[in-house]
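The primary structure of each chain is shown beneath.
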Amino acid sequence: MKQFFLCLTLTLMLFVNQADAQQKLYKIFYQFADPETGTDTAASEFIKILAGNKETLMHAFISKDQMRIENLLFGKSIQISNISEGSSFLLNEINKTYTPTELATGKLIETGTNEGDNYAYSGDFEISLVPNQKKIIAGITCEKATFNLTGSHDPQTEITVWYAPNLPKLYWGTYDYLEKVPGAALYIGSAGLGIQATKVEELTFDKSLFEIPADYEEGEPIEEAVDSTLNDHLSWYQDSNTAYFGVQDNLGNKLTPAKYTAIYSYVGDYAIVNDAAQMFGLIDIHGKEVIPCQYESLSLETEGGPVVYMSDLKYGLLDTNGKILLQAKYDFISVPSPEYALFTEGEHTGIMDQKGAVLLPAKYETISDYRDNLALILVNQSYQLINKTGHNQLKTDYEFLSFAGERLLLAFNDNKYGYIDYTGKVIVPFKLQNAQAFENGLALVTEDLENFYYIDAKGKFIKKYEE
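Numbering of residues starts from 1 in every chain and runs along the sequence as written. Whole-chain, interface and lining totals are the exception, using all residues; otherwise, since this is a predicted model, local features are given only for residues with pLDDT of at least 70 and side-chain atom pairs are given and counted only at 80 or more. Computation of side-chain values covers all heavy atoms of the structure but excludes hydrogens and water.

## Re the overall build of the protein chain
Inference 1: Secondary structure elements follow DSSP: runs of H or I of four or more residues count as helices, runs of E of two or more count as strands, with numbering from the N terminus. Along its length, the protein chain carries two helices and 39 strands.
Inference 2: Pairs of residues are marked as contacts when any of their non-hydrogen atoms sit within 4.5 Å. Residue pairs in contact within the protein chain that sit at least 24 positions apart in sequence constitute 37% of those at least 6 positions apart.
Inference 3: Carbon and sulfur atoms provide 49% of the accessible area of the protein chain, an area that totals close to 25000 Å². Working definition of accessibility: Shrake-Rupley area with a 1.4 Å probe, residue cover restricted to the visible protein chains.

Structure, rendered in structure tokens:
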């Protein structure tokens, strides 16, 4: 009998080893992709430098049943996951510890670039598979998918994914929505910023990559603090009996009763709230409900801007007292700036002022920015500068354009940056490896990514950058 069990054990081990040997294992190298839009944030400028330096961001090892993610930016962190078992661990190479974690967290992620913008659960993004679009990334033919918030068509919150259907799925952390993609994502980006695979290797299957090393000990699970901050001096509190939320000040004084199912961060003096009937309203800095909870959806993106409301699946504008500025008649409205709002009709986007007067009709696929009565639009992977008549003021289309202040545009052409004016005249030659918008009359630039210096609006050297 012992011989029988021994033979059975050896046979099972043989089958397991053969199964491991037959599994295909891929290693994917990722780095920040070159930014595709003129998103003017400190993060985007930092990412431009890393992308230009070809800094490796992440290694991913994937097979049919296992994933190993090695994040390399600002120190190495490792997550190993067994998909079939639904288990996942974080490995600490310094302390030689392992900590159980979720396979993919579905945490809150920011859906805008401005402080105070709304947040959403990453797992709530809806996927749209885009037919008949293909792209070669790291030598592999990829297909396109897009994600957006439920019911949203806002290009500012849309996530673009190019995935390889012949590779196993890859998802982790706040990228849990990638589980919906039928293949490994080789590009993930939003508003022109993203990560992209640079190389994909097929390796001999190595089971040890997905196992906890024998000399590791279990570490203490990391408790994530819940941030209740709504602004600099207000926060939410929760009723332990009803689980509803209210607003309190720094001293604990209750400004509202705990009657809301959600309270979003303040934008200026106002915050969106949601009641038990899942209707939305607006409260002010004192906790007063200035717009009753009676709308299907409300959003407030910009301090001093109007409130976007939804009624019968159409969007309009309110002021912060609830007065209707624009009846709900558009497919979508976004207010990215105090200067203008974007509105969508069908598949195209136009520009209106804060009261709903149309400045440019909805006939553009992508509008990047609007300033000085001029719009930057993206057409067939290149930028144009459109005036109020719809005429392109530039004789040449550029790979990248953004408003830079001083009535200049930061432009990208032939792998270099330069500055042009609104007529297309080159003010600063295309010789810069990186460049920023003007602030207080000066812009920080570099020609070699090592030496940085400031120039004025005429391109004159002013002073070196000192850290």
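Don't stop here, the text continues.
## A word on the pairing of strand 39 (residues 461-464)
Inference 1: With three bridges connecting them, strand 38 (residues 452-455) and strand 39 associate as antiparallel partners. The partner of Ile-455 across the bridge, within strand 39, is Phe-461.
Inference 2: Two successive antiparallel strands, strand 38 and strand 39, enclose a turn made up of five residues, where Gly-459 displays a positive phi of approximately 90 degrees. Two strands are counted as paired when DSSP detects at least two bridges linking them.

## A word on the sheet that holds strand 30 (residues 374-379)
Inference 1: Ordered by their spatial adjacency, three strands build an open sheet running 29-30-31, and the pairing between neighbours is antiparallel. Because the sheet does not close on itself, it has two edges, and the strands there are strand 29 (366-371) and strand 31 (382-386). Between one strand axis and the next, the sheet turns by 20 degrees as a mean value, whatever way the strands run.
Inference 2: By the bridge criterion, five bridges tie strand 29 to strand 30 in an arrangement that is antiparallel. Residue Thr-366 lies in a different strand from strand 30, and its bridge partner there is Leu-378. Every axis corresponds to a line fitted to the C-alpha atoms, with the helix fit spanning only the stretch in contact, and the corresponding angles, defined between N-to-C directions, vary from 0 to 180 degrees.

## Side note on the nonpolar core
Inference 1: Each nonpolar core is a collection of buried residues, namely Ala, Val, Leu, Ile, Met, Phe, Trp, Tyr and Cys, held together in the definition by side-chain atoms within 4.5 Å. A 1.4 Å probe rolled over the protein chains alone gives each residue an accessible area, and that area as a share of the maximum for its type sets the label: buried under 20%, exposed over 50%, partly exposed in between. Grouped together as the largest cluster of nonpolar side chains are 36 residues, with contacts concentrated most on Ile-28, Tyr-30, Val-161, Leu-170, Leu-178, Leu-186 and Ile-188.
Inference 2: Secondary structure elements with two or more residues in this core: strand 1 (25-32), strand 2 (56-62), strand 3 (66-71), strand 10 (140-148), strand 11 (159-164), strand 12 (184-190) and strand 13 (193-203).
Inference 3: Filtering out sequence-adjacent residues up to four positions away, Leu-178 remains in contact with Val-161, Leu-170, Tyr-171, Trp-172, Ala-185 and Ile-188.
Inference 4: In terms of nonpolar packing, the next biggest core, distinct from the first, is built from 15 residues, Phe-412, Tyr-417, Phe-438 and Val-445 among them.

## Points about the side chain of Asp-421
Inference 1: Inspection of the secondary structure assignment puts Asp-421 in strand 34 (residues 416-421).
Inference 2: For the charge count, each Lys or Arg is scored as positive and each Asp or Glu as negative, with His and the chain ends excluded. Throughout this description, the term salt bridge denotes a Lys or Arg side-chain nitrogen within 4 Å of a carboxyl oxygen of Asp or Glu. The side chain of Asp-421 is buried and forms no salt bridge, while Lys-425, the nearest opposite charge, is found at 5.6 Å.
Inference 3: A distance of 2.7 Å separates the side chain of Asp-421 from the side chain of Thr-423, its partner in a polar contact.
Inference 4: Asp-421 has contacts with Leu-394, Arg-407, Leu-408, Leu-409 and Ile-427, leaving out every residue within four places of it along the chain. Any pair of N or O atoms that falls within 3.5 Å is considered a polar contact. Within protein, one atom must be able to donate a hydrogen and the other to accept it, and sequence-neighbouring residues count only if both atoms are side-chain atoms.

## Structural notes on the sheet that holds strand 9 (residues 126-137)
Strand pairing in a sheet takes place through backbone hydrogen bonds and is either antiparallel or parallel in direction.
Inference 1: On the basis of which strands lie adjacent, the open sheet formed by 12 strands has the order 9-10-11-12-13-1-2-3-4-5-6-14 and mixed pairing. Strand pairing shows two members of the sheet lacking a second neighbour, strand 9 and strand 14 (217-218), which therefore form its edges.
Inference 2: Relative to strand 11, strand 10 runs antiparallel, the two sharing five bridges. Its bridge partner being in strand 11, Glu-143 is matched across the sheet by Tyr-163.

## Some remarks on the packing of aromatic side chains
The description of two aromatic rings rests on the distance between their centres and on the angle between their planes.
Inference 1: Any two of the Phe, Tyr and Trp rings considered here, Trp counted by its six-membered ring, make a pair once their centres fall within 6.5 Å; the pair's planes then place it as stacked at under 30 degrees, edge-to-face at over 60, or tilted in between. This model, assessed by the stated rule, comprises 19 aromatic pairs.
Inference 2: Summarising the aromatic geometry, the rings of Tyr-398 and Phe-430 are spaced 5.9 Å apart at their centres and angled 15 degrees between planes, so their arrangement reads as stacked. Separated by 32 residues along the polypeptide, Tyr-398 in the loop between strand 31 and strand 32 (400-405) and Phe-430 in strand 35 (residues 426-432) bring together distant segments of the chain.
Inference 3: On the accessibility criterion, Tyr-398 (7% relative accessible area) is buried.
Inference 4: Taking 6.1 Å as the distance between ring centres and 90 degrees as the angle between the ring planes, the aromatic pair formed by Phe-403 and Tyr-422 counts as edge-to-face.

## Considerations on unusual backbone geometry
Inference 1: Backbone geometry at Ala-243 places phi at a positive 70 degrees, although glycine is not the residue there.
Inference 2: With respect to the helices and strands, Ala-243 occurs in the loop between strand 15 (234-238) and strand 16 (245-249).
Inference 3: With phi around 55 degrees, Asn-440 is a residue other than glycine that occupies positive phi space.
Inference 4: Mapped onto the elements of the fold, Asn-440 is located in the loop between strand 36 (434-435) and strand 37 (443-446).
Inference 5: Looking at Asn-440, the relative accessible area reads 77%, which means it is exposed.

## Looking at the pairing of strand 9
Inference 1: Sheet topology note: the strand 9/strand 10 ladder contains nine bridges and is antiparallel. Each residue of the ladder has a partner; that of Val-130, found in strand 10, is Lys-144.
Inference 2: Between strand 9 and strand 10, which follow one another and run antiparallel, lie two residues, and Ala-138 among them has a positive phi close to 55 degrees.

## Overview of the pattern of salt bridges
Inference 1: All told, the structure shown has nine salt bridges when counted by the stated rule.
Inference 2: Linking Lys-199 and Glu-201 is a salt bridge whose minimum nitrogen-to-oxygen distance equals 3.4 Å.

## Some thoughts on the environment of Ser-265
Inference 1: Relative to the helices and strands, Ser-265 is located in the loop between strand 17 (262-263) and strand 18 (270-274).
Inference 2: Looking at Ser-265, the relative accessible area reads 24%, which means it is partly exposed.

## As for the side chain of Thr-344
Inference 1: Note that Thr-344 resides in strand 26 (residues 340-345).
Inference 2: Among the residues examined, Thr-344 registers a relative accessible area of 6% and is labelled buried.
Inference 3: Contacts of Thr-344, omitting those with residues within four sequence positions, involve Tyr-330, Asp-331, Phe-332 and Thr-349.

## Thoughts on the confidence of the model for the protein chain
Inference 1: Residue-level confidence of the predictor, termed pLDDT, takes values from 0 up to 100. Per-residue pLDDT for the protein chain has a mean of 82; in total, 82% of the residues score no lower than 70.
Inference 2: Within the protein chain, the lowest mean pLDDT, 40, falls on helix 1 (residues 2-22), and the highest, 96, falls on strand 19 (residues 280-284).
Inference 3: Across residues 1-21 the pLDDT falls below 50, and counting only partners more than four positions away or on other chains, this stretch makes two contacts in the model.
Inference 4: Across residues 36-53, where pLDDT falls below 50, the model places 46 contacts with residues more than four positions away in sequence or in other chains.

## Overview of the environment of Asp-249
Inference 1: Considering the arrangement of structural elements, one finds Asp-249 in strand 16.
Inference 2: Along the sequence, Asp-249 and Thr-229 sit 20 residues apart, while their C-alpha atoms lie 10.0 Å from each other.
Inference 3: Aside from chain neighbours lying at most four places away, what touches Asp-249 is His-233, Leu-234 and Leu-255.
Inference 4: A polar contact is formed between the side chain of Asp-249 and the backbone nitrogen of Leu-251, at a distance of 2.9 Å.

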